[in-house]
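Descriptive analysis of the structure
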There are 2 protein chains.
Amino acid sequence: MAEKIQTLKGFRDFYPEDCAARNYLFERWRAVAHRYGFAEYEGPVLESTELYKRKSGDEILGQLFHFTDRGEREVAMRPELTPTLARMAAAKQRDYKKPLRWFAIGQFFRYEAPQKGRTREFYQFNVDLLGEPSKAADAELVAFAIDLMRDLGFTADDFTLRLSDRDAWLAFLEGEGLDEADPAAFLSIIDKMERERPEVTEDKLKGLGTSREAVDAFIASAAGSAHFAPVLDDLAARGLADFVTVDLGVVRGLAYYTGTVFEVFDKGRGMRAVAGGGRYDKLVSLISEGAADLPACGFAMGDVVITDLIKETPSARAKLDEHLAAAGALDAYVVIADESKRAEALGIVQRLRAAGLRTDYPLVPLKVGKQFGHAESLRARKAIVVGAEFPTVAVKTLADRSEQQLLVEDLPTQL
Amino acid sequence: MAEKIQTLKGFRDFYPEDCAARNYLFERWRAVAHRYGFAEYEGPVLESTELYKRKSGDEILGQLFHFTDRGEREVAMRPELTPTLARMAAAKQRDYKKPLRWFAIGQFFRYEAPQKGRTREFYQFNVDLLGEPSKAADAELVAFAIDLMRDLGFTADDFTLRLSDRDAWLAFLEGEGLDEADPAAFLSIIDKMERERPEVTEDKLKGLGTSREAVDAFIASAAGSAHFAPVLDDLAARGLADFVTVDLGVVRGLAYYTGTVFEVFDKGRGMRAVAGGGRYDKLVSLISEGAADLPACGFAMGDVVITDLIKETPSARAKLDEHLAAAGALDAYVVIADESKRAEALGIVQRLRAAGLRTDYPLVPLKVGKQFGHAESLRARKAIVVGAEFPTVAVKTLADRSEQQLLVEDLPTQL
């Protein structure tokens with residue numbers, strides 16, 4: 001006997017109840033994007049491996065699902081969307097008025113060790129604003145991220161948005177007289193600082209010519225600095241100031257960020273980043289040599305961590321549950337009480353569906369009691385009983401067992 | 001200068017206007033599935049290559065995007081969904097009441113020569129009914145496919161559903177005394193007959209011990225045969241008989257079909273199959289050895305051919321265009337006529353969005369005329385002009401240039 005074929009490690013099957021939860025998230029992502037005036041786009045799941053090599057950021061390269069295709073091309077399943085966006089925007093940037101407000105919902109692939117909150121395949125919501133270099137664009141995206149969390153049912157008790165800026169750190173390096181230090185190497189130390197043993201960080205910082213003490217003092221001082229005023233004032237005007245914490249400890253791992261960076265941070269026991277992003281003004285010209293620089297900023301939210309957080313947070317969980325209850329239910333189940341009326345029952349099924357009602361019926365003869373059992377397990381709102389009295393049918397409301405008699409021509413308007 | 005990175009051959013970028021057309025199709029697929037009482041599921045894009053080997057059907061194996069992953073697993077990007085469905089259904093069939101009505105919308109990958117109507121990546125709508133062996137289930141799926149076409153705006157002038165049955169051909173072989181012929185080899189000849197030169201078909205049929213004449217006579221005779229009565233009577237009861245043509249010339253290419261097979265066929269100049277499916281009663285136990293046989297039937301529709309057909313068919317095109325016009329438009333554009341009121345304008349933007357309105361505004365100071373230009377190019381319904389008169393704002397309806405003055409607290413309810 002052949003071995004049972006399993007789902008690949010780190011990949012997920014979405015049975016109907018899981019798929020409904022996934023679709024809830026997609027629906028909320030889309031709804032908030034539409035409110036913010038963003039248009040949806042999508043790129044290919046498979047791209048030239050070169051696209052990811054060029055962007056640098058070695059961390060992602062080591063996690064690629066990549067191979068040589070039948071046409072000898074080096075190809076990779078996409079680990080993130082930003083390089084594709086940069087390619088697409090560079091190719092057609094003259095066709096669109098700036099700024100571009102674009103979002104995408106798609107699947108991504110990274111060969112990592114699966115663990116809680118991390119799979120080898122995940123969905124990600126990508127939101128980008130291209131063609132506008134000002135802090136007003138950064139603030140618009142920060143507001144978007146906050147409103148997305150609120151839309152999902154989270155409050156200021158559940159999350160904060162940690163706002164930072166790589167330019168502040170470049171100013172720090174200058175202030176320390178370290179103009180010649182590699183900013184990428186320095187930022188990488190700051191990025192890892194929260195997860196690293198203090199001695200290791202101290203050693204690394206000393207190696208660059210600064211110290212943990214200087215870094216900590218800078219982080220402590222910056223919250224009140226004028227540096228963040230444009231973004232903070234903008235958010236205050238929207239009534240969103242309470243959701244933001246200036247926190248220079250956030251620099252984001254990816255190499256391509258240039259100015260503002262931020263992450264949405266779970267304040268609960270998990271202490272996880274559920275979304276993150278920032279400004280990446282040089283990436284479009286880096287990906288598409290010859291294209292003009294296109295200032296850009298964006299953020300992304302994956303489906304795995306946020307879904308866990310929704311399930312753990314009562315106010316968010318309640319919204320999900322409400323969606324799930326509605327998503328799976330039927331409007332009508334047509335009970336065939338007399339098999340000689342099957343053709344008439346099929347006609348009714350057709351009428352109900354044509355009116356947009358979610359309708360099911362027994363494909364084969366079944367006892368009436370069993371049909372009602374089906375109707376209940378499918379969470380039907382109404383049962384339409386077709387029997388010898390046709391063209392009169394009985395309409396039962398399953399919640400309260402109330403019943404009325406209707407002529408078939410009064411269906412479906414009186415349901 | 002580095003070479004420009006291109007989209008891979010046969011793969012598509014979905015810029016916002018293409019993505020909106022794709023989403024229209026997804027929305028209609030989902031809407032009809034819900035009316036028919038089907039629940040959405042999804043499987044992984046990457047599966048063990050063995051899953052496709054086991055199902056046989058060599059045509060697909062030669063078109064796989066497959067490779068060895070970092071963990072030395074033989075993996076393939078999915079070329080179709082049915083093997084995944086069989087794996088998932090076998091793993092959890094005891095958890096669900098039969099019949100299962102399941103649908104999925106996802107992306108698939110086949111390394112084929114790209115040409116009109118064929119790409120290397122495509123979306124596909126998969127609809128399956130598992131756990132019910134009767135012709136009533138086949139009829140339900142045939143009705144689904146017809147109603148889907150009608151929902152998209154097609155009429156009986158635009159398409160027909162060609163209904164066939166592999167069992168009829170098995171009876172033909174028996175009648176010809178060819179009980180020992182390989183049915184798969186015979187069905188493959190019938191499948192290719194429409195596209196093959198007549199002499200080639202004749203030679204192949206002679207090799208099996210029958211003839212083109214016998215085959216043609218059987219096809220001509222079968223339309224009136226009792227064989228199709230259960231499905232045709234069911235469809236007649238729903239008022240859908242006009243959309244069906246019995247046509248034994250259809251047998252479908254895939255090896256796993258067992259009884260009813262059908263395809264939705266464009267009656268226009270294109271003469272293309274836009275959807276197809278049938279019964280596959282043995283596949284679940286074939287994929288998951290040890291699992292009980294689970295009778296099943298299903299059909300699939302890809303996005304590429306149907307999108308071409310929608311665009312070529314005025315009644316279908318009109319429905320798409322109506323969707324596109326609504327999908328891309330803004331509800332409100334907040335014009336900042338006086339920069340000193342930017343904070344107040346941001347407060348209004350926040351209020352409108354909180355009320356669910358699609359809202360945009362200028363991120364940076366712009367002349368008022370230019371802001372109205374933006375509002376028009378973004379197809380905004382209303383412009384809310386915030387100026388020195390705040391808290392009074394002017395609300396302009398862009399279609400007719402009418403204007404009213406409102407107090408800010410009356411927004412958004414009076415928009």
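Residues numbered from 1 in each chain as written. Chains lettered and ligands numbered in written order. Predicted model: local features only at pLDDT ≥ 70, side-chain atom pairs only at ≥ 80, totals over all residues.

Looking now at the overall build of chain A. A count of helical and extended segments in chain A gives 15 helices and 16 strands. Here chain A has a C-alpha radius of gyration of 27 Å; the compact-globule value for 415 residues is 22 Å, and the former is much larger. Along the three orthogonal principal directions, the C-alpha set of chain A runs to about 95 × 55 × 50 Å. Scored against the burial criterion, the 415 residues of chain A give a buried share of 43%. (Helix = DSSP H or I, 4+ residues; strand = E, 2+ residues; numbered from the N terminus. Rg over C-alpha atoms; globule rule 2.2 N^0.38 Å. Buried ≥ 20, exposed ≤ 12 C-beta atoms within 10 Å, placed from the backbone.)

Take the sheet that holds strand S4 (residues 74-77) of chain B next. Residues and elements named next belong to chain B. Overall, antiparallel pairing links the three strands, which are arranged S2-S4-S3 in an open sheet. Edge strands, defined here as strands with exactly one partner in the open sheet, are strand S2 (46-48) and strand S3 (65-68). Neighbouring strand axes in the sheet, compared pairwise and without regard to direction, differ in orientation by 30 degrees on average. With three bridges joining them, S2 and S4 adopt antiparallel strand pairing. Bridge assignment links Ser48 to a residue of S4, and that residue is Val75. (Pairing = 2+ DSSP bridges. Axes fitted to C-alpha atoms, helices over the stretch in contact; angles between N-to-C directions.)

Here we come to helix H6 (residues 166-175) of chain B. All names here are of chain B. Buried within H6 are the following residues: Arg166, Trp169 and Phe172. All buried residues of H6 fall inside an arc of 105 degrees around its axis, so they share one side. Exposed and facing more than 90 degrees away from the buried side of H6 are Glu174 and Gly175. Gly177, located one to two residues past H6, shows a positive phi value of around 75 degrees. (Arc of directions from axis to C-beta.)

Let's shift gears to unusual backbone geometry. All names here are of chain A. Here Lys98 and Pro99 are connected by a cis peptide whose omega angle stands at -10 degrees. Mapping Pro99 onto the fold places it in the loop between helix H4 (82-92) and strand S5 (100-109). In this structure, Glu72 takes a positive phi of about 65 degrees despite not being glycine. Examined against the element boundaries, Glu72 turns out to sit in the loop between strand S3 (65-68) and strand S4 (74-77). Given 6 C-beta atoms within a 10 Å radius, Glu72 is considered exposed. Backbone geometry at Arg379 places phi at a positive 55 degrees, although glycine is not the residue there. Relative to the elements of secondary structure, Arg379 occurs in the loop between helix H15 (368-377) and strand S14 (380-386).

In this section: the relation of the copies chain B and chain A. Structural alignment of chain B on chain A gives an RMSD of 0.0 Å, achieved by rotating through 180 degrees and translating 0.0 Å along the axis. In short, the pair behaves as if placed about a two-fold rotation axis. The rotation axis passes nearest to the C-alpha of Phe67(B) in chain B, at a distance of 3.1 Å. (Least-squares fit on C-alpha atoms with pLDDT ≥ 70 in both.)

Attention shifts here to the interface of chain B and chain A. Contact residues are listed per partner, giving 75 residues for chain B and 75 residues for chain A. Broken down by class, the residue content of the side of chain B that touches chain A amounts to 33 nonpolar, 17 polar and 25 charged. (Contact = placed C-beta atoms within 7 Å. Nonpolar A, V, L, I, M, F, W, Y, C, P; charged D, E, K, R; others polar.)

Often, the extent of an interface is quoted as the loss of accessible area upon association of its parts. The domain boundaries assigned to chain A delineate domain 1 (16-322) and domain 2 (330-410). Put simply, the middle of domain 1 of chain A and the middle of domain 2 of chain A, counted by C-alpha atoms, are 51 Å apart. (Domains from an automatic or database assignment.)

Another aspect to go through is the pairing of strand S15 (residues 392-397) of chain A. Residues and elements named next belong to chain A. With four bridges joining them, S14 and S15 adopt antiparallel strand pairing. Across the sheet, the residue bridging to Lys382 is Thr397, located in S15. Across six bridges, the pairing between S15 and strand S16 (residues 402-407) is antiparallel. Within S16, the position partnered with Ala394 by the bridge is Gln405. The turn joining S15 and S16, which pair antiparallel and follow one another in sequence, is formed by four residues; a positive phi near 60 degrees is taken by Arg401.

Side chains of nonpolar character tend, in soluble globular proteins, to be buried together. Val142(A), Ala145(A), Val142(B) and Ala145(B) are the most contacted members of the largest nonpolar core, which totals 185 residues. Contacts of Ala145(B), omitting those with residues within four sequence positions, involve Leu161(B), Val264(B), Ala275(B) and Phe299(B). (Core = buried A, V, L, I, M, F, W, Y, C linked by C-beta atoms within 7 Å.)

Residue and element names in this part refer to chain B. Judged by pairing direction, the sheet is mixed, and its five strands sit side by side in the order S13-S12-S14-S15-S16 without closing on themselves. Of all strands in the sheet, those bounded by a partner on one side alone are strand S13 (359-360) and strand S16 (403-407). Contacts from helix H14 (residues 342-354) reach strand S12 (330-336), S13 and strand S14 (380-386), with the element oriented near 170 degrees to S12.

The next subject is the environment of Lys367(A). Within the element layout of this structure, Lys367(A) appears in the loop between strand S13 (359-360) and H15. It is 8.8 Å that separates the C-alpha atoms of Lys367(A) and Ile336(A), two residues lying 31 residues apart in sequence.

All names here are of chain B. Where helix H1 (residues 16-35) contacts helix H12 (residues 303-312), the two axes come as close as 11 Å, and the packing angle between them is 105 degrees. Classified by the angle between their axes, H1 and H12 sit roughly perpendicular to one another. Each of Ala21, Arg22 and Leu25 in H1 lies in contact with H12, whose residues at this interface are Asp303, Ile306 and Thr307. (Parallel < 35°, antiparallel > 145°, perpendicular 65-115°, else oblique.)

Looking now at the packing of H1(B) against helix H13 (residues 314-327) of chain B. Residue and element names in this part refer to chain B. One can describe the packing of H1 onto H13 by two numbers: an axis separation of 10 Å at closest approach and a directional angle of 120 degrees. Taken as axis vectors, H1 and H13 run oblique relative to one another. You can see that H1 and H13 cross each other, and the crossing is right-handed. Contact residues: H1 offers Ala20, Ala21 and Tyr24, while H13 offers Leu320, His323, Leu324 and Ala327. Split by residue class, the contact of H1 with H13 holds six nonpolar, one polar and no charged. (Left-handed = near helix turned anticlockwise from the far one by under 90°.)

A separate point is the confidence of the model for chain A. Mean pLDDT over chain A works out to 92, with 97% of the residues at or above the 70 mark. The complex prediction reports pTM at 0.95, with the ipTM value standing at 0.94. (pLDDT = per-residue confidence, 0-100.)

With respect to the element layout, Asp234(A) can be found in helix H10 (residues 229-237). It is 9.1 Å that separates the C-alpha atoms of Asp234(A) and Lys135(A), two residues lying 99 residues apart in sequence. In contact with Asp234(A), not counting residues within four places along its chain, are Ala136(A), Ala139(A) and Leu346(B).

It is worth spelling out H10(A) at this point. The complete set of buried residues in H10(A) reads Val231(A), Asp234(A), Leu235(A) and Ala237(A). Summarising the axial view, the buried residues of H10(A) lie within an arc of 155 degrees, below the 170-degree limit, and thus occupy one face. Packing partners of the buried residues in H10(A) comprise helix H5 (135-151), strand S7 (159-165), strand S8 (244-246) and strand S9 (260-266) of chain A together with H14 of chain B. Looking one or two places after H10(A), you find Gly239(A), whose phi comes out positive at around 80 degrees.

This part takes up the environment of Ala214(B). Residues and elements named next belong to chain B. With respect to the helices and strands, the residue Ala214 is situated in helix H9 (residues 212-222). On the basis of neighbour counts, which here come to 14 C-beta atoms within 10 Å, the residue Ala214 falls in the partly exposed class. For Ala214 and Glu17, which are 197 residues apart along the polypeptide, the C-alpha to C-alpha distance reads 51 Å.

A word on the pairing of strand S10 (residues 273-279) of chain B. Residue and element names in this part refer to chain B. With six of seven residues buried, S10 is to be regarded as a mostly interior element. Summarising the sheet, strand S9 (residues 260-266) and S10 pair through five bridges and their orientation is antiparallel. Paired with Val261 across the strands is Gly278, a residue of S10. Hairpin connection from S9 to S10: six residues lie between these consecutive antiparallel strands, with Met271 at a positive phi of about 50 degrees. Relative to strand S11 (residues 296-302), S10 runs antiparallel, the two sharing four bridges. Within S11, the residue paired with Gly276 across the bridge is Ala300.

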